[in-house]
Amino acid sequence: MTAFIEAASPHVMNTYGRVPIALARGQGCRVWDVNGKEYLDGLGGIAVNTLGHNHPELVPALQHQISQIMHSSNYYHVPGQEALAAKLVELSGMTNVFFCNSGLEANEAALKIARKFGVDKGIAKPEIVVYEKAFHGRSIATMSATGNPKIHNGFGPLVEGFIRVPLNDIEAIKQATEGNPNVVAVFFETIQGEGGINPMRIEYLQQLRKLCDERGWLMMIDEVQCGMGRTGKWFAHQWAGIVPDVMPLAKGLGSGVPIGAVVAGPKAANVLQPGNHGTTFGGNPLAMRAGVETIRIMEKDGLLHNAATVGDHLKAALVRELGSLPGVKEVRGQGLMLGVELDKPCGVLVARAAEAGLLLSVTADKVIRLVPALILSTAEADEIVAKLVPLVKALLAE
């Protein structure tokens, strides 16, 4: 019998509260650790592994790209950038794209666009409206835009220029910005991820689009976690029939290969000019191939429809099994971005679920988050429910 391998990282900086497992390989929606234990992956690398693991079309495409060219400087044109940008423009109805490496970088670029948009209009100190419970990243600027005091603690002073408002309250944003000529943009997630799977209401999104148009503000929608087909449309804001002016993307765009993008509409498309912003690794040929192939496979295999239908099935099952239990506050979300909010902290479920062979996360202390690959089947959705429900019931009984 092979000796048990302990999962430990003594030379890695201690920045994560890790579950004591180390994953060795994956296939579809399943992964195996270094000791051979199998897990159903309900986390998808936190909404990253769009096509699951070891996809039979993605892997050969990436192997081919590696054999051609992985990286080139942005001193030169990268054909894959134009291919992926053209596709994102087509899917979004927007104008052009800047490529980077992560959601944080995409959000940082969006904030720079907003500031320069304001400065170009003669506003010396531009201000941006952001939201309670938002999460936009961990750089100094994106952390300042984030609405979680735990993430702020120990890293002051924060970047100024943000006005924070509650979700889904159009009067609150009107009051917070009344008579303020320095406001240049509103920045938000269509469905907050780290904040607890909190959706913006469709009518609120429509009111916000109208307000931005009336006041000349940029509408900047962070679709890093809720975009790329996760809700059953390419971008979650499309359920409201609106188009943003700036849209950061990342996570699921490359199915696991690091990639970020900022898609801009006409009002923001030409704000950044040569010398204003840049990146060494962003838009490299390998990441661009990953993005192009991810979208191609999503279209070919109908994964938006799958995300919507399997997501509805999973949500209905969670509501049926958990919704009426004392201690379960709400089952919410859309497509394959779902949260189950309890009335007590439930972080212990991450390790307990892993022990039961299910990977998930807990966000905002009390919300179980499920963001599996968009290839998830109804049978696998049922398996998630079968593994999760007894764990929740046991926790609530404690």
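One numbering rule holds for all chains: residues counted from 1, following each sequence as written. In view of the model being predicted, local features appear only for residues whose pLDDT reaches at least 70, and side-chain atom pairs are presented and counted only at 80 or more, with totals across whole chains, interfaces and linings using the full set of residues. Hydrogen atoms and water are omitted, and side-chain values are computed over all heavy atoms in the structure.

Peer 1: Would you mind showing me how to read the packing of aromatic side chains here?
Peer 2: Think of it this way: a Phe, Tyr or Trp ring, Trp meaning its six-membered ring, pairs with another when their centres are within 6.5 Å, and the plane angle makes it stacked under 30 degrees, edge-to-face over 60, tilted otherwise. A complete count under the given rule lists three aromatic pairs for this structure. Between Y75 and Y76, the aromatic rings sit 6.3 Å apart at their centres with planes inclined by 80 degrees, giving edge-to-face as the arrangement. With a 1.4 Å probe rolled over the protein chains alone, any residue whose accessible area is under 20% of its type maximum counts as buried; one over 50% counts as exposed, and the rest are partly exposed. According to the relative accessible area criterion, Y76 is exposed, its value standing at 54%. Taken together, Y131, F188 and Y204 form an aromatic cluster joined through their ring pairs. The criterion is that NZ of a Lys, or CZ of an Arg, lies within 6 Å of the ring centre and within 35 degrees of the ring normal, and then a charge sits over that ring. Here the guanidinium or amino end of R25 rests over the ring plane of W32, the centre of that ring lying 4.2 Å away. Between K233 and the ring centre of W239, over which it is positioned, the NZ or CZ distance is 4.7 Å.

Peer 1: Sorry, what's going on with the domain arrangement of the protein here?
Peer 2: A common way to express how large an interface is: the accessible area buried when the components associate. Per the domain assignment, the segments making up the protein are domain 1 (23–55 + 302–397) and domain 2 (69–301). Boundaries between domains were set according to an automatic or database domain assignment. Summarising the inter-unit geometry, the C-alpha centres of domain 1 and domain 2 are found 26 Å apart. Each side of the interface is counted separately: domain 1 has 29 residues, and domain 2 has 30 residues. Surface buried jointly by domain 1 and domain 2 totals about 2400 Å² across both partners, of which 58% is contributed by carbon and sulfur atoms. Once two parts are put together, the accessible area they lose, assessed with a 1.4 Å probe and summed over both, is termed the buried area. It is L304, Q334 and M337 that lose the most area in domain 1 upon contact with domain 2, and together they represent 28% of the buried surface on that side. A carboxyl oxygen of Asp or Glu within 4 Å of a side-chain nitrogen of Lys or Arg is what we treat as a salt bridge. Counting across the domain 1 and domain 2 interface gives two salt bridges. For D365, the salt bridge is made with K150, and the minimal N-O distance between the two is 3.0 Å. Pairs of N or O atoms within 3.5 Å make up the polar contacts considered here, provided that, within protein, one atom can donate a hydrogen while the other can accept it, and that residues adjacent in sequence are counted only when both atoms are side-chain atoms. Across the domain 1-domain 2 interface, the total number found is 16 residue pairs in polar contact (both at pLDDT 80 or more). Here a helix means four or more residues in a row that DSSP labels H or I, a strand means two or more in a row labelled E, and each is numbered from the N terminus. Secondary-structure elements contributing two or more residues to the side of domain 1 that touches domain 2 are α1 (44–47), α10 (303–322), β13 (328–334), β14 (337–342) and β17 (367–370). Working rule for contacts: check all heavy atoms of both residues, and any pair within 4.5 Å makes them a contact.

Peer 1: Just checking my understanding: could you explain the nonpolar core for this structure?
Peer 2: Note on soluble globular proteins: their nonpolar side chains tend to be buried together. In this description, a nonpolar core means a group of buried Ala, Val, Leu, Ile, Met, Phe, Trp, Tyr and Cys residues linked to one another through side-chain atoms lying within 4.5 Å. Membership of the largest hydrophobic core comes to 63 residues, with the highest contact counts inside it found for L88, L314, L318, L342, I368 and V392. In terms of residue count, helix α12 (residues 378–397) provides more of this core than any other element does, nine residues in total. Taken domain by domain, the makeup of this core includes at least three residues from each of domain 1 (23–55 + 302–397) and domain 2 (69–301). In terms of nonpolar packing, the next biggest core, distinct from the first, is built from 25 residues, C100, I128, A269 and V271 among them.

Peer 1: Is there a simple way to explain the UniProt feature "modified residue: N6-(pyridoxal phosphate)lysine" (unreviewed entry) in the protein in this structure?
Peer 2: UniProt positions are given in the numbering used here, feature names are shortened, and annotations may be inferred rather than shown by experiment. The feature "modified residue: N6-(pyridoxal phosphate)lysine" (unreviewed entry), as given by UniProt, occupies K251 in the numbering adopted here. The topology assignment puts K251 in the loop between β11 (246–249) and β12 (260–264). Apart from the residues lying within four places of it in its own chain, the contact partners of K251 are I46, A47, V48, V224, Q225 and I259. One polar contact links the side chain of K251 to the main-chain carbonyl oxygen of I46, over a distance of 3.3 Å.

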